[in-house]
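# Architecture at a glance
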Amino acid sequence: MENIEIFKALSNKSRLQMLEWLKEPEINFPDQLQHAGFEHGVCVGQIQAKAGLTQSTVSEYLSILQRAGFIEAKRVGQWTYYKRNEGAFEALSKLIQSNL
């Protein structure tokens, strides 16, 4: 993905919040901890409930973050789970240090 697309993905307050929440899912999604744990990531329904946005908006935001490489999705039955791709943040840090 081009650098401009990576930075565009980070240019939205709600998307940044989602990335922050996914950094510490145990703290930010305690309801899921009680029911399913975080082996696969955080259920999209939990993210939507916390964000207070429509399902379609949350899905679009998560798709943008996924295309930029910041999160990974896993489908388990009827549910989709998301978690951060920490390698993408390391690569972003190197990009900023070397190019900007």
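This one's a predicted model, so the numbers in the text were calculated from it and none came from an experiment.

## Remarks on the confidence of the model for the protein
- Per-residue confidence for the protein averages 93 on the pLDDT scale, and 99% of its residues sit at or above 70.
- Between the elements of the protein, mean pLDDT differs from a low of 82, seen in helix α4 (residues 30-35), to a high of 98, seen in helix α2 (residues 13-23).

## Quick notes on the sheet that holds strand β1 (residues 42-43)
- With antiparallel pairing, the three strands of this open sheet are ordered in space as β1-β3-β2. The sheet is open, and its two borders are formed by β1 and β2 (71-76), each paired with just one other strand.
- With six bridges connecting them, β2 and strand β3 (residues 79-84) associate as antiparallel partners. Directly across from K74, in β3, lies its bridge partner Y81.
- Contacts from helix α6 (residues 55-67) reach β2 and β3 within the one sheet, and its direction differs from that of β2 by about 120 degrees.

Conventions used here
- Residues numbered from 1 in each chain as written.
- Predicted model: local features only at pLDDT ≥ 70, side-chain atom pairs only at ≥ 80, totals over all residues.
- Heavy atoms only, no water.
- pLDDT = per-residue confidence, 0-100.
- Helix = DSSP H or I, 4+ residues; strand = E, 2+ residues; numbered from the N terminus.
- Pairing = 2+ DSSP bridges.
- Contact = heavy atoms within 4.5 Å.
- Axes fitted to C-alpha atoms, helices over the stretch in contact; angles between N-to-C directions.

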